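Each chain is listed here by its residues.
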Amino acid sequence: MPDPAQIDPVHFDADFLNDPVCAYARLREAGPVHRANSPDGASIWLVTRYAEVKAGLGDPRLSLDKANSSGGYHGLSLPPALDRNLLNLDAPEHTRLRRLLGRAFTPRRVEALRPEVARIADELAAALPAEADLVAGYAVPLPIRVICALLGVDPADVTDFRAWTDAVLMPTDPDAAREAMRSLYGYLASLIAAKRAAPGDDLLSVVAPELTDDELLSAAFLLLLAGYENVVYTLGNGLVELLARPSLCASLVASPSLLASTVDEILRHASPLQLAIRRFPVEDVVIGDVEIPAGDTVMLAVASAHRDPSAFASPDTFDANRGENPHVAFGHGPHFCLGAPLARLELEVGLGTLLRRFPRMSLAGAPRWRSSFRSRGTATLPVILGGRER
Ligand code: HEM
């Protein structure tokens, strides 16, 4: 086994972030596990090959609870009342909360949102100017409005919600991020008090009786954040893939049933999420060829796994008709994305609506990318929509 102290750590520098596909290809070839430095300088273990990433996602020895960390990288730091969320918890507490939320987040509830998602998509598409930025005008407002519909948030509050979540998730200024976190917390606390006082038929009202205030607050916070950034980036990245392939766009307009496999291929090939949530081994574990001490931080590179030739034939080729597509864009195991059916609905309806209305849309300039070690997506996507159709 190589001595980890002898291995130079990987840095997520500008070269890495500008071309993560290439950087991960080099790392994957060199080995399944690497030492790396997170942007805040903490030491982490970076897992790059499909087999180890997938096994790690389902491995109960890799805890999501930072109580098991010996002090390395922790990710987003949250006030205690927002910390009791699914992505910070292990069994059995995770199992109990997940079961309760899962009871409310049913396929029926998601399917019931379909007309609302279609209405929001249509409304946003109709308001786009002939030359539009599809990120600002479409990919950003669509998921935030859907999540607000799910949580029973007044549409009038959506603008604030969006500014706060952007400041928290895509921070440019630490003071603004802290201030936004305080506002978000205050808003969610009063939302929850209102749901307890006068329950509706939204998801929060349904689970409220069985959760403590902190659990409910943490759940609302996680659904809002988890349900937002990933969908924005997958819509944007997906549109970049589609706009480069006019014949695929024509096929999707003619046969919308192809959208499902196209969305899976977008999630694999243009995965916005680079890394799963950080994990902490509860005992020393061997991953690939490295023994990782308990308490260290392990990061599973989902986007790298998606380009692993041992799991996908011609992994760098975008193939909307790929038969088997066992991507891990929604994770794997006990923390598998609770919102995956809603995400699929938003992506299929969101992309389908634009293709149907603007079958001749084309890029008006190069998209601008926003890259961090955690995620990569389009920040702007200028297009010329070209004639409108119903
Ligand atoms: C394209 C969009 C999405 C992607 C790529 C995505 C990806 C993921 C991934 C990879 C995980 C597991 C993380 C890990 O194990 O480290 C996860 C968990 C989760 N996601 Fe999503 N997600 C998306 C959309 C959504 C939406 C729309 C919602 C809800 C409205 C949502 C809610 C959640 C929740 C609650 C969890 C935690 C599940 C648990 O810990 O048991 N996600 N997501």
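Up top is the structure.
Residues numbered from 1 in each chain as written. Predicted model: local features only at pLDDT ≥ 70, side-chain atom pairs only at ≥ 80, totals over all residues. Heavy atoms only, no water.

Draft legend 1. Main features of the overall build of the chain. Helices and strands together make up the secondary structure of the chain, namely 18 helices and 13 strands. Here the C-alpha radius of gyration of the chain, 21 Å, is about what a compact globule of 390 residues would show, namely 21 Å. Overall, the C-alpha framework of the chain stretches about 60 × 55 × 40 Å when taken along its three principal axes. A buried classification covers 52% of the 390 residues belonging to the chain. Taking as baseline every contact in the chain between residues at least 6 positions apart, the subset at least 24 positions apart corresponds to 71%. For the chain, the computed accessible surface area is about 16,700 Å², with 55% contributed by carbon and sulfur atoms. (Helix = DSSP H or I, 4+ residues; strand = E, 2+ residues; numbered from the N terminus. Rg over C-alpha atoms; globule rule 2.2 N^0.38 Å. Buried < 20%, exposed > 50% of the residue type's maximum accessible area, 1.4 Å probe, protein only. Contact = heavy atoms within 4.5 Å. Areas by Shrake-Rupley, 256 points an atom, 1.4 Å probe, with all protein chains shown as cover.)

Draft legend 2. Here's a closer look at the site of the ligand. With respect to spatial proximity, 29 residues lie near the ligand, and among them His94, Arg98, Arg279, His335 and Cys337 are the closest. Between the ligand and the protein, one listed contact pairs an oxygen atom with a side-chain N or O atom of His94 at 2.7 Å. Within the side chain of Arg279, one N or O atom sits 2.8 Å away from an oxygen atom of the ligand. Looking at the shell around the ligand, the elements with two or more residues in it are α5 (93-104), α13 (213-226), α14 (229-243) and α18 (340-357). Taken together, the residues of the shell around the ligand sort by class into 19 nonpolar, seven polar and three charged. (Near = heavy atom within 4 Å. Polar contact = N/O pair within 3.5 Å; in protein donor to acceptor, adjacent residues only side chain to side chain. Nonpolar A, V, L, I, M, F, W, Y, C, P; charged D, E, K, R; others polar.)

Draft legend 3. Geometry of the nonpolar core. In terms of nonpolar packing, the biggest core is built from 94 residues, with Leu134, Tyr138, Leu188, Leu354 and Met361 touching the most fellow members. If we ignore the near neighbours within four places in the chain, the residues touching Leu354 are Ala125, Leu128, Leu134, Tyr138, Leu239 and Met361. Within the second largest apolar cluster, 18 residues are counted, among which are Val290, Ile292, Leu300 and Phe312. (Core = buried A, V, L, I, M, F, W, Y, C linked by side-chain atoms within 4.5 Å.)

Draft legend 4. Summary view of the side chain of Asp308. Summarising the element assignment, Asp308 is placed in the loop between α17 (302-305) and α18. The charged side chain of Asp308 is buried without a salt bridge, its nearest counter-charge being Arg28 at 4.8 Å. Here Asp308 is in contact with Arg28, Arg49, Tyr50 and Pro315, once residues within four sequence places are set aside. (Lys, Arg positive; Asp, Glu negative; His and termini not counted. Salt bridge = Lys/Arg side-chain N within 4 Å of Asp/Glu carboxyl O.)

Draft legend 5. Representation of the coordination of the iron atom of the ligand in the model. Just one protein ligand coordinates the iron atom of the ligand, and it is Cys337 (SG) at 2.3 Å. Looking at the secondary structure, you find Cys337 in the loop between α17 and α18. (Donors = N, O, S within 2.8 Å, 3.2 Å for Na, K, Ca; no water.)

As far as function goes, none of this settles anything; it's purely spatial.
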